[in-house]
Amino acid sequence: MNNDNSNPNIKKKRSLNRQAKSGAYSLAFAAILLALLIVVNLIVYKLPSNFTVFDTTPNRQLSITETTENFVKSIDQDVTIYFICEDSVTNIELETLIKHYTDINSKLKYEVIDPISNPSFTPKYTDTTLSNYSIIIESDLRFYVIDYYDLYYVENTYTGRIDYLTFLEYTQGPYASYYSSYFTEDNTELFFNGEAVITTGFDYVTQQVVPHIYLLSNHGETGLDEEVFLKDMEDNGIEYEYFDLLENGSVPDTCTCLVIGDPDSDISAQEAKAITEYLDAGGSMVLLTSPQACGFSNLLSVMEHYGLTAETGTIYEGNASYYPSNSSPNMLLPTMNENHDIVTAIVNLGYASSSANLSMLMPNSHSIRILDDTPENVTITTIASTSDKAYLTDSNGDAVDGTTGSHVTGISVKKTVDSTTSNIIWYSSADAFTSETISERSINQAYLLLSMSYVGGISQFSSELASEIQAISQNTSYLNLSATSAVVWGVVTVIVVPAALLVVGLTVWLKRRKR
């Protein structure tokens, strides 16, 4: 009788069969595991980034707030975010933030644009050369351009809030050595404002009404500075045009806000009548004047209709705390009314960190006087005013008797009749909004833009959503050690700890060697 178990060839064959089966099982298991991993990977890839990407940045700067999330969910239009990245190499952190938006609402799309391979793309939206990692948000209605550096701003004890590019000019420009003492680690803080800026962009491109600003012309108006104001509006799709009221006869219905910027001569009685009719019908106006306007009877007749007039003369401040040191007393730093919506927005949007930084710089102002008899249905609120030691001067620079006291340099007027509301903001220092003044006091720019927003309801500038979104500090908190402590900890980390580890290692080695 043959015993198969004693046959070495049969034993070898059975062993090979077992190995083959084991190998087949292992291969099958590996294939199943690989397939499962691929399926899981595909599922995870389709999940929103908030489930797959974890924000480990300081203060969670790559996450979005509930305010933004609720707003983005409400968008019912197709919107595309173009992320401008050279060679299509993205900024991972910013891309993560963008994906949080597109994951919330399927109507939001995201596309990377390489400006090198596609140089004709960004010029369709702006004449300005955009920085790498800039963003363009576009709907069927309009677009919104965000330069990468607009996502940041700097808060400084001396300058208040300034944009990041201005900060770089101060600290890296030709006068960097001069400004180095003004921008130190102790008095300067960098903020990331990405969520507020991007959310404002979505808000702007999804509005149904396109803001349209009319700038009154043909009276020698200074108007709004090309680089400081008009370029910003143009780049972000805000329509504006210079407008000859005498030629056209009336203010168009499409006017979101009428701006009268420092006329050199008076308007006509016909124009005054047309402006009053426009305002009474629910129009909005921002008026910027200089002391010369105190003699413009037709222009002042418009304001007298709302309970205001101008006092002849230039204001000089008698309290040194109300104008910059080493400056002339006509360079006013008035008190701002923190209860007014515009000033509140300045604080909420981070343009000023404290009451001390709220003041506008208002050179060559005249006084705005509230008439004794306020017209019916008119509400007048002061925005800016001097100390009670200010006084008026005549054309020769001499003080005018009996004028010492607090003078108004910024004021808000609201007239409501039934459901119709008219809004006017009047600043009596047109020089406050020149590029020279704004280079000294950047908050002036914010005040004018927010004033146009306030009277005209332009969300581009009012940014009610953004006011609820806090910017995130980028400053790193360091552990400050005294010189003695630094030496002690240096000795501990460089000498004591390595020596202790060496002793422990030798001890363990010697014990093992004796075994």
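(A) Looking closely at the overall build of the protein. The secondary structure content of the protein amounts to 17 helices and 22 strands. Put simply, the protein has 515 residues, and 44% of those count as buried. The long-range share in the protein, meaning contacts at least 24 apart out of those at least 6 apart in sequence, stands at 75%.

(B) Local environment of helix 3 (residues 66–73). Listed as buried for helix 3 are Thr68, Phe71 and Val72. Buried residues of helix 3, viewed axially, fall in a sector of 95°; they line one side. Across from the buried face of helix 3, at angles greater than 90 degrees, the exposed residues are Glu66 and Lys73.

(C) Summary view of the packing of helix 12 (residues 341–348) against helix 14 (residues 443–456). Two elements in contact, helix 12 and helix 14, have axes whose closest approach is 10 Å; the angle formed by their N-to-C orientations is 125°. Compared by their axis directions, helix 12 and helix 14 come out oblique. The hand of the helix 12/helix 14 crossing is right-handed. When helix 12 is examined against helix 14, the residues Asp341, Ile342, Val343, Ala345 and Ile346 are found in contact with a partner set consisting of Ile443, Ala446, Tyr447, Leu450, Ser451 and Tyr454.

(D) Local environment of the environment of Ala196. By the secondary structure assignment, Ala196 is in helix 7 (residues 194–205). Taking relative accessible area as the criterion, Ala196 reaches 4% and is therefore assigned buried. Sequence separation between Ala196 and Thr68 is 128 residues, and the spatial gap between their C-alpha atoms is 8.4 Å.

(E) Structural view of the sheet that holds strand 3 (residues 134–138). The strand order across the open sheet formed by four strands is 2-1-3-4, and the pairing between neighbours is mixed. In the strand order of this sheet, the two ends are held by strand 2 (108–113) and strand 4 (143–146), each with one partner. Between one strand axis and the next, the sheet turns through 15° on average, direction left out of account. Lying over the sheet, helix 4 (residues 92–104) contacts strand 1 (79–84), strand 2 and strand 3, oriented at roughly 155° with respect to strand 2.

(F) Broad picture of the side chain of Ser428. Looking at the element boundaries, Ser428 is found in the loop between strand 21 (420–427) and helix 13 (435–440). Polar contacts involving the side chain of Ser428 include one to the main-chain carbonyl oxygen of His366, which spans 2.7 Å. Setting aside its immediate chain neighbours within four residues, Ser428 contacts Thr289, Ser290, Met362, Asn364, Ser365, His366, Ile368, Val408 and Thr409.

(G) Local environment of empty space enclosed by the protein. One pass over the structure, following the stated rule, counts two cavities of 30 Å³ or more. The calculated volume of the second largest cavity comes to roughly 40 Å³. Along its surface, the second largest cavity is lined by Thr159, Gly160, Arg161, Tyr351, Asn357, Arg441, Ser442 and Ile443. Here the lining of the second largest cavity is built from residues that sort into two nonpolar, four polar and two charged.

(H) Spotlight on a nonpolar patch on the surface. Taken together, the side chains of Tyr158, Tyr175, Tyr178 and Tyr182 make up a nonpolar region of the molecular surface, amounting to roughly 500 Å² of accessible area. Tracing the backbone shows Tyr175 in the loop between helix 5 (164–172) and helix 6 (176–179). Here Tyr175 falls in the exposed class, since its relative accessible area comes to 58%.

(I) Inspection of the pattern of salt bridges at higher detail. Taken as a whole and judged by the stated rule, the model has six salt bridges. Note that Asp280 is salt-bridged to Lys415, the shortest N-O span being 3.3 Å. Residue Asp280 is located in helix 10 (residues 269–280), and its partner Lys415 is located in strand 20 (residues 408–417); the two are separated by 135 residues in the primary sequence. According to the relative accessible area criterion, Asp280 is partly exposed, its value standing at 33%. What makes Lys415 buried here is its relative accessible area of 15%.

(J) Spotlight on the packing of aromatic side chains. With the rule as written, the count across this model stands at 26 aromatic pairs. Aromatic pair Phe121 and Tyr125: ring centres 5.4 Å apart, planes at 50°, arrangement tilted. Overall, the relative accessible area of 9% leaves Tyr125 in the buried class. Across the ring face of Tyr204, the terminal group of Arg142 is positioned such that the distance to the ring centre comes to 5.4 Å.

(K) Representation of the pairing of strand 21. With six of eight residues buried, strand 21 lies mostly within the body of the structure. Bridge count between strand 11 (residues 284–288) and strand 21: five bridges; the pairing is parallel. Each bridged residue has a counterpart across the sheet, and for Ser284 the counterpart in strand 21 is Asn423. Two elements, strand 20 and strand 21, share eight bridges in a ladder whose sense is antiparallel. Following the sheet pairing, Val417 is matched in strand 21 by Thr420. Remark: two residues form the turn of the hairpin made by strand 20 and strand 21, two consecutive strands paired antiparallel; Asp418 in that turn has positive phi of roughly 55°.

(L) Examining the environment of Gly457 more closely. Of note, Gly457 is situated in the loop between helix 14 and helix 15 (459–462). According to the relative accessible area criterion, Gly457 is exposed, its value standing at 55%. A sequence separation of 173 residues divides Gly457 from Ser284, and the C-alpha atoms of the two residues are 9.3 Å apart.

What counts and how
- Residues numbered from 1 in each chain as written.
- Predicted model: local features only at pLDDT ≥ 70, side-chain atom pairs only at ≥ 80, totals over all residues.
- Heavy atoms only, no water.
- Helix = DSSP H or I, 4+ residues; strand = E, 2+ residues; numbered from the N terminus.
- Buried < 20%, exposed > 50% of the residue type's maximum accessible area, 1.4 Å probe, protein only.
- Contact = heavy atoms within 4.5 Å.
- Arc of directions from axis to C-beta.
- Axes fitted to C-alpha atoms, helices over the stretch in contact; angles between N-to-C directions.
- Parallel < 35°, antiparallel > 145°, perpendicular 65-115°, else oblique.
- Left-handed = near helix turned anticlockwise from the far one by under 90°.
- Pairing = 2+ DSSP bridges.
- Polar contact = N/O pair within 3.5 Å; in protein donor to acceptor, adjacent residues only side chain to side chain.
- 1 Å grid on protein atoms, 1.4 Å probe; cavity = no way out; pocket = protein on both sides within 12 Å on 5 of 7 lines; lining within 4 Å.
- Points joined across faces, edges and corners; volume = space filled by probe spheres on them.
- Nonpolar A, V, L, I, M, F, W, Y, C, P; charged D, E, K, R; others polar.
- Patch = residues over 30% accessible without salt bridge, like charges linked within 9 Å, V, L, I, M, F, W, Y side chains within 5 Å.
- Areas by Shrake-Rupley, 256 points an atom, 1.4 Å probe, with all protein chains shown as cover.
- Salt bridge = Lys/Arg side-chain N within 4 Å of Asp/Glu carboxyl O.
- Phe/Tyr/Trp six-rings, centres within 6.5 Å; stacked < 30°, edge-to-face > 60°.
- Lys NZ or Arg CZ within 6 Å of the ring centre and 35° of its normal.

Everything listed here is a matter of geometry and, on its own, says nothing about what the molecule does.
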